[in-house]
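Secondary and tertiary structure notes
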Amino acid sequence: MKKIIVVLGSPRAESYSTYLANIAVDYLKEVDVEVEIFDLYKMEIEACIACDECRKNSGNFCVQDDDMKKMYKKISESAGLILACPIYWFTINAKMKLFIDRFYGFHTEKTELLKDKRIGVILSYGDVDPYKSGAINAIRTLEDSFEYTKSYLCKIVYGTELKTTERKPDNKINKDIIVMVKELCGN
Ligand SMILES: Cc1cc2nc3c(=O)[nH]c(=O)nc-3n(C[C@H](O)[C@H](O)[C@H](O)COP(=O)(O)O)c2cc1C
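One structure accompanies this document, and this report is about it. If you're wondering where the values come from, they're calculated on a predicted model, not measured in any experiment.

Counting its secondary structure elements, the chain contains 6 helices and 6 strands. The linear arrangement of helices and strands in the chain, starting from the amino end, is β-α-β-α-β-β-α-β-α-α-β-α. For 187 residues, the compact-globule formula gives about 16 Å, and the C-alpha radius of gyration of the chain, at 16 Å, lands near that figure. Based on the C-alpha atoms only, the size of the chain along its principal axes is roughly 50 × 40 × 30 Å. Counting every position in the chain, which comprises 187 residues, the buried fraction comes to 38%. In the chain, the proportion of contacts linking residues at least 24 apart, taken out of those at least 6 apart, comes to 77%.

The structure is reproduced here in structure tokens:
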């Protein structure tokens, strides 16, 4: 069975990015795709220390003993990832950036473990404009990152945060999530 890893990067109980990610999760379950969800705010993920041990022939991805060890294994076994996070200070928030920085210890020129991996992205922000909000910076960062890793970046879904009362199944963004998920599944 195909497995998709969903990585949540919001600390908020009423998080909009998590709400959107859950639409993806529900659809994946409907089409019999196995899903595993990870909440970055409940995980211990240190910053990359640039020791470059991962570039030596030690056989280990990274010398740091934290939750990324588990994530490296999970990512390798998965068909794809969904990354969902808020925009903080005009780009992806720090928790998501820490997580992505640590791909350095995983995807090397030798291992190419993210090559062809399907990646879906969900971004939520407070401003009404994707340029002014900084979502555009996040999009550029993610496009450049996953071009570098030769991954398959699916449709990036982004939008202004809606209050819980405004979150409706027929909102365009909900439909965009399904388009992204179908692409993630290779349809
Ligand atoms: C520390 C912090 C920084 C933020 N910076 C921005 C920003 O640069 N641009 C923006 O449009 N919204 C910004 N916001 C608003 C969030 O992006 C917005 O509330 C988002 O929908 C939160 O996503 P979530 O509901 O998934 O947590 C910021 C919020 C916080 C707490």
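The next thing to look at is the site of the ligand. Close to the ligand lie 18 residues, the nearest being S17, P86, G126, S133 and E161. Mapped by element, the contributors of at least two residues to the shell around the ligand are helix 1 (16-30), strand 3 (80-88) and strand 5 (118-125). Class assignment for the residues of the shell around the ligand results in 7 nonpolar, 8 polar and 3 charged.

For D52, which is not glycine, the phi dihedral falls at a positive 65°. The phi torsion at D116 lies on the positive side, around 65°, for a residue other than glycine. If you trace the backbone, D116 turns up in the loop between helix 3 (94-101) and strand 5. The class for D116 is exposed, based on 10 C-beta atoms found within 10 Å.

Right, let's talk about the environment of I49 for a bit. Relative to the assigned elements, I49 resides in the loop between strand 2 (34-39) and helix 2 (68-77). You can call I49 exposed: it has 11 C-beta atoms within 10 Å. Sequence separation between I49 and R102 is 53 residues, and the spatial gap between their C-alpha atoms is 9.4 Å.

Counting 42 residues, the largest nonpolar core has V7 and I82 as its most contacted members. The element that contributes the greatest number of residues to this core is helix 1, accounting for 8 residues. Aside from chain neighbours lying at most four places away, what touches I82 is I4, V6, V7, A21, A24, G120, I122 and L184. If you look at the next biggest cluster of nonpolar residues, it comprises 6 residues, including C54, C62, M68 and Y72.

The rules behind these values
- Residues numbered from 1 in each chain as written.
- Predicted model: local features only at pLDDT ≥ 70, side-chain atom pairs only at ≥ 80, totals over all residues.
- Helix = DSSP H or I, 4+ residues; strand = E, 2+ residues; numbered from the N terminus.
- Rg over C-alpha atoms; globule rule 2.2 N^0.38 Å.
- Buried ≥ 20, exposed ≤ 12 C-beta atoms within 10 Å, placed from the backbone.
- Contact = placed C-beta atoms within 7 Å.
- Near = placed C-beta within 6 Å.
- Nonpolar A, V, L, I, M, F, W, Y, C, P; charged D, E, K, R; others polar.
- Core = buried A, V, L, I, M, F, W, Y, C linked by C-beta atoms within 7 Å.

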